[in-house]
Amino acid sequence: MSEKAVHFETACVHAGRKVDPTTGAVAPPIHLSTTFERKPDYGAEGYIYSRSANPNREQLEACLAALEGGASAMAFASGSAAASAVFQSLKPGEHVVCSQDAYHNVLRILREVMAAWSLKVSFVDTSDLDAVRDAVSRDTRLIWVESPSNPLLKIVDLAAVADIGHKAGAYTVCDSTFASPVLQRPLAFGMDLVMHSATKYLGGHSDVVGGILVAREQGPLAERLRFLQNTGGAVPSPFDCWLLLRGTATLGVRVRAQSDTALKLAHWLEGHRGVERVLHPGLESHPQHGLAKRQMSGFGAMLSFCVHGGEAAALRTASRVKLFTRATSLGGVESLIEHRASVEGPESRTPKNLLRISVGLEYPDDLIADLDQALS
Ligand SMILES: *Cc1c(COP(=O)(O)O)cnc(C)c1O
């Protein structure tokens, strides 16, 4: 049976896996060997050296290619390493259009690393399609969007951006970390590449750092990225790949449950008098709720809210939570709360009274009770 023929939850469990042919082991063995024996005539079929390819990474890549509906996936040591490879696939002097509220370390890579590569970058609000069209020039080779975005939960019209990119001869990439493959398949909207920080929902347990790129087609872009994965060498260890594949098995049920709880929390917060506004694409008050409904099969487990009383009130609320953990990152089984402006530093554009929540797998009413006591 082809992996694409089964439903998503089934693919989460089965794609890229098979019972180990030598031992019958149901859980995949971890292949720590860095090197693989050659034949007497010095020929090699299969594995040679673990930076180039190894069994655990191949299983993970096959699984993610199936889940995103792509032709080829490449695993990296972090989401940032995956993003770096995408930018390194461009030539000096070429132009990138990037979401202005893309993940802050992605912005930093473009500003502080790729600038020395002479990449030209325009940072625009990519939820505004006219702004994207205006920013595209003859030199544009890449449009980088993040949807939903961090931490403002803006939604980008992926089909429209893919269309703009294709007309301009530019590749289009979606950082789909916040949605995970459960809720959004950017390649199906015509995007060329989807990127995940696997550190978040794919790993799902706050215990592994990783990144994934999935290309819609085999072709020059996928080949170049595969080359950069091997040559740059920012690859995940076999154990990291094993953990990520293990996390992916429960991805479907985890993210659906987390996303349902997040919507309950968003509605509850919207009715709280200590809260100025709630940012979550599942709320009718979200300016792109209709687009999110068309483009996603759920609204995600991330939400942000602004409290009345400014930065001091936000910090006070964060200091009082008992079930939520004050920590950065997202996508794990435990709920986290974070004051983004403190984390992002002086160049942050995030409102100072904003708190971001990553909803875990706790019972919704317990999370609501915790927020209630923290806000009171
Ligand atoms: C965490 C994150 C990244 C960066 O991934 P790392 O694994 O931390 O390098 C990129 N984009 C988004 C949306 C993220 O949340």
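Residues numbered from 1 in each chain as written. Predicted model: local features only at pLDDT ≥ 70, side-chain atom pairs only at ≥ 80, totals over all residues. Heavy atoms only, no water.

### Let's talk about the pairing of strand S9 (residues 302–307)
- Extensive coverage of S9 is indicated by the burial of six of its six residues.
- Residue alternation in S9 divides its side chains into two sets, Met302, Ser304 and Cys306 and Leu303, Phe305 and Val307, and both sets are buried.
- Pairing of strand S8 (residues 275–279) with S9, which is carried by four bridges, proceeds in the antiparallel orientation. Within S9, the residue paired with Val278 across the bridge is Phe305.
- Note: S9 against strand S12 (residues 354–358), five bridges, orientation antiparallel. Considered in S12, the bridge of Met302 is made with Ser358. (Buried < 20%, exposed > 50% of the residue type's maximum accessible area, 1.4 Å probe, protein only. Helix = DSSP H or I, 4+ residues; strand = E, 2+ residues; numbered from the N terminus. Pairing = 2+ DSSP bridges.)

### Digging into the sheet that holds strand S11 (residues 336–338)
- Spatial strand order, S8-S9-S12-S11-S10: five strands in an open sheet with mixed pairing. Only two strands of the sheet have a single neighbouring strand rather than two, namely S8 and strand S10 (325–326).
- Against the sheet, helix H10 (residues 251–270) touches S8 and S9, its axis set at about 15° to S9. (Contact = heavy atoms within 4.5 Å. Axes fitted to C-alpha atoms, helices over the stretch in contact; angles between N-to-C directions.)

### Some details on helix H2 (residues 55–68)
- Between its first and last C-alpha atoms H2 spans 20 Å; for 14 residues at 1.5 Å apiece the expected length is 20 Å, and the two agree.
- Burial of H2 is extensive: twelve of the 14 residues sit out of reach of the surface.
- Within H2 the residues assigned to the buried category are Pro55, Asn56, Arg57, Gln59, Leu60, Glu61, Cys63, Leu64, Ala65, Ala66, Leu67 and Glu68.
- Put simply, Asn54 is the residue that caps the front of H2, since its side-chain oxygen is 3.2 Å from the backbone nitrogen of Asn56.
- Where H2 terminates, the next one or two residues include Gly69, which has phi positive at roughly 70°. (Expected span 1.5 Å × (residues − 1). Polar contact = N/O pair within 3.5 Å; in protein donor to acceptor, adjacent residues only side chain to side chain.)

### Some points on unusual backbone geometry
- Between Ser147 and the following residue, Pro148, the backbone shows a cis peptide bond with an omega angle of -10°.
- Between Asn150 and the following residue, Pro151, the backbone shows a cis peptide bond with an omega angle of 0°.
- Within the element layout of this structure, Pro151 appears in the loop between strand S4 (140–146) and helix H6 (158–168).
- One non-glycine residue, Tyr42, lies in positive phi territory at about 70°.
- Tracing the sequence through the fold places Tyr42 in the loop between helix H1 (8–14) and H2.

### So, the site of the ligand
- Lining the immediate environment of the ligand, one finds 14 residues, of which Ser80, Asp175, Ser197, Thr199 and Lys200 sit closest.
- Contacts to the ligand include Ser80, whose side-chain N or O atom sits 2.7 Å from an oxygen atom.
- Within the side chain of Asp175, an N or O atom sits 2.6 Å from a nitrogen atom of the ligand.
- Burial of the ligand by the protein amounts to 92% of the accessible area it has alone, namely 380 Å².
- Listing elements by their share of the shell around the ligand, those giving two or more residues are helix H3 (79–88) and strand S6 (193–197). (Near = heavy atom within 4 Å. Areas by Shrake-Rupley, 256 points an atom, 1.4 Å probe, with all protein chains shown as cover.)

### Quick word on the domain arrangement of the protein
- Domain boundaries assigned for the protein yield domain 1 (3–249) and domain 2 (253–375).
- With centres defined by C-alpha atoms, the gap from domain 1 to domain 2 works out at 26 Å.
- Tallying the contact residues gives 33 residues for domain 1 and 37 residues for domain 2.
- Summing the contributions of domain 1 and of domain 2, the shared interface buries around 2,800 Å²; its carbon and sulfur component is 57%.
- A per-residue breakdown of the area domain 1 buries against domain 2 is headed by Ile155, Leu183 and Tyr201, which together make up 27% of the total.
- Remark: the boundary between domain 1 and domain 2 carries zero salt bridges.
- Viewed at the interface, domain 2 and domain 1 are joined by 15 residue pairs in polar contact (both at pLDDT 80 or more).
- Mapped by element, the contributors of at least two residues to the side of domain 1 that touches domain 2 are helix H4 (104–113), helix H7 (180–183) and helix H9 (238–249).
- Among the residues making up the side of domain 1 that touches domain 2, the classes are represented as 14 nonpolar, 14 polar and five charged. (Domains from an automatic or database assignment. Buried area = accessible area lost by both parts, 1.4 Å probe. Salt bridge = Lys/Arg side-chain N within 4 Å of Asp/Glu carboxyl O. Nonpolar A, V, L, I, M, F, W, Y, C, P; charged D, E, K, R; others polar.)

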